[in-house]
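Coordinate inspection notes
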Amino acid sequence: MQVDWDKTINDILAEKMSCQACGTLGETMVVGYTRNPDAAQFASRCKDCIDKTDCDARKLVVVCDDCARQYRVNGEHMDEAGMMGLLLEECRTNLEESIDYLSTYWKEEGEVEYEDMQKSLLEVDPDLFREEDAWRRRLEEEYMQIHRWFRDRGIPVPNPGWRSQYVEDVIGLGYTTLLGD
Ligand SMILES: [Zn+2]
Ligand SMILES: [Zn+2]
């Protein structure tokens, strides 16, 4: 059974938490990580995975007790505020990785010519750049959604200084961001 991430967000907005795997509702859920390929069917980050039968990436999932056992989830019981804090952290980590990749990690890929390492990814491989940039845009939209959740409830956003640092880093690289001023 496939559970849609947008629906999960809507359930959260309705002050209920639902298991991403089976849809069970509850006050708390197990929030954590699994590498189980079967969890690719419902893990939010695997939405775009081409081959879901064979994804051993570390996946953040929100599941009920039974599903936590079934998918061997390494996590803990959280209420929605705890979960949103973890989602925010995860989103920030992914954004940092995306920025690191755009600025320098791509140069270490085998097929990049030594002479090209002084250039930007946009110059060397525009298609790959656009793909990575679209992914970063999706993450930023997700960030805004999570941010709004905290704002709507008057709950302080954890580590709010992260955002301005990120914005400066992105602008320093010559790129744009939805999180900017
Ligand atoms: Zn479940
Ligand atoms: Zn995946």
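Residues numbered from 1 in each chain as written. Chains lettered and ligands numbered in written order. Predicted model: local features only at pLDDT ≥ 70, side-chain atom pairs only at ≥ 80, totals over all residues.

For the rest of this paragraph, the subject is the pairing of strand S4 (residues 59–63). With respect to burial, S4 is a largely interior element, five of its five residues being buried. Covered by surrounding structure in S4 are Lys-59, Val-61 and Val-63 together with Leu-60 and Val-62, the residues of both alternating faces. Pairing of strand S3 (residues 29–34) with S4 involves five bridges; the strand directions are antiparallel. In the strand pairing of S4, Val-31 is matched with Val-62. (Buried ≥ 20, exposed ≤ 12 C-beta atoms within 10 Å, placed from the backbone. Helix = DSSP H or I, 4+ residues; strand = E, 2+ residues; numbered from the N terminus. Pairing = 2+ DSSP bridges.)

For an interface, size is often stated in terms of accessible area lost upon the parts coming together. According to the domain assignment, the protein consists of domain 1 (5–78) and domain 2 (80–172). Relative placement of domain 1 and domain 2: their C-alpha centres are 22 Å apart. Each partner contributes to the interface: domain 1 provides eight residues, whereas domain 2 provides six residues. Counting only elements with at least two residues in the side of domain 1 that touches domain 2, the list comes to helix H1 (5–13), S3 and S4. Taken together, the residues that form the side of domain 1 that touches domain 2 break down as eight nonpolar, no polar and no charged. (Domains from an automatic or database assignment. Contact = placed C-beta atoms within 7 Å. Nonpolar A, V, L, I, M, F, W, Y, C, P; charged D, E, K, R; others polar.)

With that out of the way, let us pick up helix H5 (residues 126–152). An α-helix turns once per 3.6 residues; consequently, residues spaced three or four apart project the same way. An ideal rise of 1.5 Å per residue puts 39 Å on 27 residues; H5 measures up with 38 Å between its terminal C-alpha atoms. Those residues of H5 lying buried are Arg-136, Leu-139, Glu-140, Tyr-143 and Ile-146. Contacts from the buried residues of H5 go to helix H3 (80–103). At the C-terminal side of H5, Gly-154 shows a positive phi close to 65 degrees. (Expected span 1.5 Å × (residues − 1).)

This part is about the environment of Tyr-33. Turning to its location among the elements, Tyr-33 is positioned in strand S3. Separated by 38 residues in sequence, Tyr-33 and Tyr-71 place their C-alpha atoms 9.5 Å apart. Beyond its immediate sequence surroundings of up to four residues, Tyr-33 is in contact with Arg-58, Lys-59, Leu-60, Val-73, Asn-74 and Gly-75.

Turning our eyes to something else, we now look at the nonpolar core. Nonpolar side chains tend toward joint burial in soluble globular proteins. Membership of the largest hydrophobic core comes to 31 residues, with the highest contact counts inside it found for Met-29, Val-61, Val-63 and Tyr-71. Within the residue set of this core, elements represented by two or more residues are S3, S4, helix H2 (65–70), H3 and H5. If one sorts the elements of this core by residue count, H3 sits on top with seven residues. In contact with Val-61, other than residues within four places in its own chain, are Gln-20, Gly-32, Thr-34, Ala-39, Phe-42, Ala-43, Tyr-71 and Val-73. (Core = buried A, V, L, I, M, F, W, Y, C linked by C-beta atoms within 7 Å.)

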